[in-house]
Amino acid sequence: MTDKKLHPETLALHAGYRNDPTAKSVAVPIHQTTSYQFDSAEHAANLFALKEFGNIYTRIMNPTTDVLEQRLAALEGGVAALCVASGQSAATFSIFNLCQAGDNFVTSTDLYGGTWNLFANTFKQMGIEARFVDPSDPEAFRKATDEKTRCYFAETLPNPKLNVFPIKEVADIGRELGVPLIVDNTAAPMICRPLDHGAAIVMYSTTKYIAGHGTSVGGAIIDGGNFDWEAQGDRFPTLNQPDASYHGAIWTEAVKPLGPIAYIIRARVTLLRDLGSAASPFNAWQTIQGLETMPLRMRQHCENALKVVDFLKKHPKVASVNHPSVQEGEAKRRADTYLQGGYSSLIGFELKDGLDAGRNFIDSLELLYHVANIGDARSLAIHPASTTHSQMTADEQASAGVTPGYVRLSIGIEHADDIIADIAQALDKA
Ligand SMILES: *Cc1c(COP(=O)(O)O)cnc(C)c1O
């Protein structure tokens, strides 16, 4: 089967697996095992020396997780993937695979809160500097770049602002300067493929739309195989200089016969080996179940969201609605350039009566869940000013796109009429 020619709906069900060679099972089996029997002393030695690929220990690889990795790589148009325990681990590894103490990377300011803390505090303690820049001006990435800059980082569709990131604009600047762009595509699987627009690496919290059912935390990194690490020499010491933990292997040379996968192999055999944030086989299996219907769900998420936007726009208690479909100017141009087949199911809206109205609205919901999550098959709502962003000052809230009356919705795949009826009755009480 040549995966490249198949459509995403088909890849989500077929890529990376046909049937189990022993039992012939059609559904992907869960290999709930820690370790794997070696065929012989020579076989074991070859596996450890990376002369031959095969299973050694589930912290580093697992056949169930491997199917998920192959499927995600196929869907994104990448060459290989690595699944890890959470989206946070994926973000950590994606940067840590290139940056050492004394290095820096340039990141968009519009980030998930957990990623912000990781970059601003934990990486700082490790001696890695995150340089935050405003993504509305792609040139800001160039200006913040120096010889110690190892990568750029951004989210395709950051919330609550919901301004789509200028992927190609920044990827092009990076390619000129020899710096790869890493994109967190958590909020836009199916509707955006960042690698098609010049990104080098894509990462996900698979916890959200990909697993889709709110059952399993997980993360993934996909290597685009489209960035020439070797050509940049000293820009990438972790890939182009001898690795003391692997008998001095230089990853870009050692891995060359296997294809352009130095980045993702290094992440697996050094970072995952040493830091140990492995995906559990059971969670990988749950995530595969979710992924198989993700394209279908995404379509319904997007379709329902448009109907909710339409309803909110006309409601007298609503001051404004934010969704990529109703943006204007440059923001809308970026949404139309980078989102295809839908504008996602994340919606922000502003209540005319501010903080109390926001709280009352949330407390009056009966169908929508009140949770700090996105991308569940169920519809979700949160009032950022009193929860996720409550530790910020009013100014900080404003710069993050959060006002006192702002509500964020993640629209699910229930019948749109039922979602709208619940929002309508809660607005009556707001
Ligand atoms: C949830 C989320 C993460 C973190 O993922 P976890 O799986 O919760 O660790 C990272 N980025 C974005 C955009 C997210 O929504």
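Our subject is the structure listed above.
Residues numbered from 1 in each chain as written. Predicted model: local features only at pLDDT ≥ 70, side-chain atom pairs only at ≥ 80, totals over all residues. Heavy atoms only, no water.

A. Spatial organisation of the pattern of salt bridges. Taken as a whole, this structure holds 21 salt bridges when the rule is applied. Arg142 is paired through a salt bridge with Glu139; the nearest N and O atoms lie 2.7 Å apart. With Arg142 and Glu139 both in helix 6 (residues 139-143) and three residues apart, this pair spans about one turn of that helix. In this structure Glu139 comes out as partly exposed when scored by relative accessible area, which is 32%. Where Arg333 meets Glu330, a salt bridge forms, and the shortest distance between an N and an O atom there is 2.9 Å. With Arg333 and Glu330 both in helix 12 (residues 329-338) and three residues apart, this pair spans about one turn of that helix. Judged by its relative accessible area of 38%, Glu330 falls in the partly exposed class. Connected through salt bridges with shared partners, the residues Glu169, Glu330, Arg333 and Arg334 form a single ionic network. (Salt bridge = Lys/Arg side-chain N within 4 Å of Asp/Glu carboxyl O. Helix = DSSP H or I, 4+ residues; strand = E, 2+ residues; numbered from the N terminus. Buried < 20%, exposed > 50% of the residue type's maximum accessible area, 1.4 Å probe, protein only.)

B. Seen up close, the packing of aromatic side chains. Applying the stated criterion across every chain yields a total of 16 aromatic pairs. Ring plane angle 90° and centroid distance 5.9 Å describe the contact between Phe105 and Phe123, whose orientation is recorded as edge-to-face. With Phe105 in strand 2 (residues 104-108) and Phe123 in helix 5 (residues 113-125), this residue pair connects regions lying 18 residues apart in the sequence. Overall, Phe105 belongs to the buried group, its relative accessible area being 0%. Note on Phe141 and Phe165: the rings are 5.6 Å apart at their centroids and 80° apart in plane angle, and the pair reads as edge-to-face. With Phe141 in helix 6 and Phe165 in the loop between strand 4 (149-155) and helix 7 (167-177), this residue pair connects regions lying 24 residues apart in the sequence. A relative accessible area of 0% places Phe141 in the buried class. A cation over an aromatic ring shows up here: Lys208 above the ring of Tyr112, its NZ or CZ 4.9 Å from the ring centre. (Phe/Tyr/Trp six-rings, centres within 6.5 Å; stacked < 30°, edge-to-face > 60°. Lys NZ or Arg CZ within 6 Å of the ring centre and 35° of its normal.)

C. Quick look at the packing of helix 4 (residues 87-96) against helix 5. Contact geometry for helix 4 and helix 5: axes closest at 10 Å, N-to-C directions at 45°. It follows from the interaxial angle that helix 4 and helix 5 lie oblique. In this structure, helix 4 crosses over helix 5, and the sense of that crossing is right-handed. Mapping the contact onto sequence places Gln88, Ala91, Thr92, Ile95 and Phe96 in helix 4 and Gly114, Thr115, Leu118, Phe119 and Phe123 in helix 5. (Axes fitted to C-alpha atoms, helices over the stretch in contact; angles between N-to-C directions. Parallel < 35°, antiparallel > 145°, perpendicular 65-115°, else oblique. Left-handed = near helix turned anticlockwise from the far one by under 90°. Contact = heavy atoms within 4.5 Å.)

D. Looking closely at the layout of surface pockets. Here the second largest pocket defines a volume of roughly 1000 Å³. The wall of the second largest pocket is formed by 40 residues, among which Leu111, Tyr112, Gly113, Trp116 and His389 lie closest to the centre. Counting only elements with at least two residues in the lining of the second largest pocket, the list comes to helix 4, helix 5, strand 6 (201-205) and helix 14 (394-399). For the lining of the second largest pocket, the element with the highest residue contribution is helix 5, accounting for four residues. Grouping the amino acids of the lining of the second largest pocket by side-chain chemistry returns 14 nonpolar, 18 polar and eight charged. Looking at which domains feed residues into the lining of the second largest pocket, each of domain 1 (3-290) and domain 2 (296-429) supplies at least three. (1 Å grid on protein atoms, 1.4 Å probe; cavity = no way out; pocket = protein on both sides within 12 Å on 5 of 7 lines; lining within 4 Å. Points joined across faces, edges and corners; volume = space filled by probe spheres on them. Nonpolar A, V, L, I, M, F, W, Y, C, P; charged D, E, K, R; others polar. Domains from an automatic or database assignment.)

E. Just the sheet that holds strand 7 (residues 219-223), in detail. Sheet architecture is open: seven strands sit in the order 1-7-6-5-4-2-3, paired in mixed fashion. Of all the strands in the sheet, just strand 1 (80-84) and strand 3 (129-133) have a single pairing partner and so form its edges. Geometrically, the sheet is characterised by an average inter-axis angle of 20° between neighbouring strands, direction not taken into account. Most of the contacts of helix 3 (residues 63-76) go to strand 1, to which it runs at about 130°, and overall it touches strand 1, strand 6 and strand 7. (Pairing = 2+ DSSP bridges.)

F. Up close: the pairing of strand 12 (residues 406-410). Of all five residues that make up strand 12, five are buried, and the element is covered over most of its length. Alternating positions in strand 12 separate into two faces, Tyr406, Arg408 and Ser410 on one and Val407 and Leu409 on the other, with burial throughout. Sheet analysis places strand 9 (residues 346-351) next to strand 12, joined by five bridges and oriented antiparallel. Counterpart to Ile347 in the pairing with strand 12 is Leu409. Examined bridge by bridge, strand 11 (residues 380-382) and strand 12 share three bridges and lie antiparallel to one another. Of the residues in strand 12, the one forming a bridge with Ile382 is Arg408.

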